[in-house]
Amino acid sequence: MSLATGDMNGDGAPEAGIGSGCSVSSYSGPFTRTGGSASRYLEWRVNARGVVMGDVNGDGRAERFYLAGPTDGDIRGPVDLDSGAPDAENSRETWPVELPYADGHAGRIGDLNGDGYGDLVTGVAGDQSYFNTPGAARKGGEIQVLYGSAQGITAAHKPKVFHQDTAGVPGTAEWGDRFGQSLSLGDVNADGYTDVLVGSPEEAVGTRASAGAAVLLRGSATGLTTAKAAGYTQDTANVPGAAETGDGFGAAVHLADLNKDGRAETVVGAPTENSDGCLWIARGSSAGPVLKGSVSLCGKSAGITVRGVKGYFGAALTSPHVES
């Protein structure tokens, strides 16, 4: 259900964590061309469908976080910091550290404030209307930010929370929007601060239910900010297409430098648009995503043949997303 890589021991070979509905699998590099790993183990002490890796304390080695997803005791999803492989003699010796103030179903790490420490961003898309129980995400969904430091991210850290009722965040929080179902990190304007793109695929556009939206929040010296935040739908000027009921725009999002100019392009999936699904792509610039001249690439034009079923082109990118 998730995949993360990072060099946890500084030997130059990455480790890989694979999340599932059961226990997490961990593999240590180097990896051979035949698919073998130097070692592996099953993390039998903790379940996690979300695995996130990155350096949050500036020591050049990646930390690994486990996100179990909704549990009976914590619908918002517990977040644990890995403490090493299980010890058969003393299972508590390297037990993961619970972060009691943090929540999340999926996440990513990037340096939002440019201080050299990775910051953990998580999404909690399911609100009370989705789970039909108290204690879920804020109305419409939310994302959380835990800032790294020389001490890393500890159990004492409290996250900064953003949702569509946060001042400056485009849109209005409505039950079931699923803000935070997908998220991606990247620097869209090459200012040295990592930005966050958040998908809200069940967002209504006017009277068109589940047309979908995506919101870009900017990194800054003070961290993630709503200054210059922007929201995008298929009714936004210069975004190709038109918002329609059930398009699911924002089901998957991705920030990646596709043309090697140092600025991340904005990619948004609309997997239930038409019968095949589509991607919207806008190039990065010093001012952010350039909407004029942005393009839509759909499944049929990419060579997908659809007969009797939807193609769902754009349903998943390499950034994390939560199955709805």
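Before any of the text, the structure's been laid out above.
One structure accompanies this document, and this report is about it. (Residues numbered from 1 in each chain as written. Predicted model: local features only at pLDDT ≥ 70, side-chain atom pairs only at ≥ 80, totals over all residues. Heavy atoms only, no water.)

### Digging into the sheet that holds strand β8 (residues 97-98)
So, point 1. Overall, antiparallel pairing links the four strands, which are arranged β5-β6-β7-β8 in an open sheet. In the strand order of this sheet, the two ends are held by β5 (50-54) and β8, each with one partner.
So, point 2. Here strand β6 (residues 63-67) runs beside strand β7 (residues 79-81); their pairing, made up of three bridges, is antiparallel. Across the sheet, residue L67 finds its bridge partner in β7, namely V79. (Pairing = 2+ DSSP bridges. Helix = DSSP H or I, 4+ residues; strand = E, 2+ residues; numbered from the N terminus.)

### Let's talk about the sheet that holds strand β2 (residues 15-19)
So, point 1. Across the sheet, which stays open at both edges, the four strands sit in the order β1-β2-β3-β4 with antiparallel pairing between neighbours. Each edge of the open sheet carries a strand with a single partner, namely β1 (2-6) and β4 (37-47). For this sheet, the mean inter-axis angle between neighbouring strands, taken without regard to orientation, is 20 degrees.
So, point 2. Alignment of β1 against β2, held across five bridges, turns out to be antiparallel. (Axes fitted to C-alpha atoms, helices over the stretch in contact; angles between N-to-C directions.)

### Observations regarding the packing of aromatic side chains
Describing an aromatic ring pair means giving the distance of the ring centres and the angle of the ring planes.
So, point 1. Within the structure shown, the criterion is met by three aromatic pairs.
So, point 2. Measuring from ring centre to ring centre gives 5.5 Å for Y232 and W280, while their planes differ by 50 degrees; the resulting arrangement is tilted. Within this pair, whereas Y232 is found in strand β16 (residues 225-232), its partner W280 is found in strand β19 (residues 278-282), the two being separated by 48 residues in sequence. Side by side, Y232 and W280 carry an identical accessibility label, which is buried.
So, point 3. With a centroid separation of 6.1 Å and 40 degrees between ring planes, the pair formed by F249 and W280 is classed as tilted. Remark: W280 occurs in strand β19 and F249 occurs in the loop between β16 and β17 (252-256); sequence separation between them is 31 residues. Like W280, F249 is buried.
So, point 4. Through a chain of ring-to-ring contacts, three or more aromatic side chains come together here, namely Y232, F249 and W280.
So, point 5. Between K160 and the ring centre of F162, over which it is positioned, the NZ or CZ distance is 5.8 Å. (Phe/Tyr/Trp six-rings, centres within 6.5 Å; stacked < 30°, edge-to-face > 60°. Buried < 20%, exposed > 50% of the residue type's maximum accessible area, 1.4 Å probe, protein only. Lys NZ or Arg CZ within 6 Å of the ring centre and 35° of its normal.)

### Considerations on the side chain of D247
So, point 1. Within the secondary structure, D247 sits in the loop between β16 and β17.
So, point 2. Here D247 is buried and forms no salt bridge, its nearest opposite-charge partner K310 lying at an N-O distance of 7.3 Å.
So, point 3. Among the polar contacts made by the side chain of D247, one reaches the main-chain amide nitrogen of E244 at a distance of 3.1 Å.
So, point 4. Setting aside chain neighbours within four positions, we find D247 in contact with S210, A211, Q234, A242, A270, P271, T272, E273 and N274. (Lys, Arg positive; Asp, Glu negative; His and termini not counted. Salt bridge = Lys/Arg side-chain N within 4 Å of Asp/Glu carboxyl O. Polar contact = N/O pair within 3.5 Å; in protein donor to acceptor, adjacent residues only side chain to side chain. Contact = heavy atoms within 4.5 Å.)

### Observations regarding the pairing of strand β11 (residues 142-146)
So, point 1. Most of β11 is tucked away, with five of its five residues classed as buried.
So, point 2. Neither face of β11 is open: one carries E142, Q144 and L146, the other I143 and V145, and all of them are buried.
So, point 3. Both strand β10 (residues 119-124) and β11 contribute to a ladder of five bridges, which runs antiparallel. Its bridge partner lying in β11, L120 is registered against L146.
So, point 4. As defined by bridge partners, β11 adjoins strand β12 (residues 160-163) across four bridges and the pair is classed as antiparallel. Across the sheet, the residue bridging to I143 is F162, located in β12.

As far as function goes, none of this settles anything; it's purely spatial.
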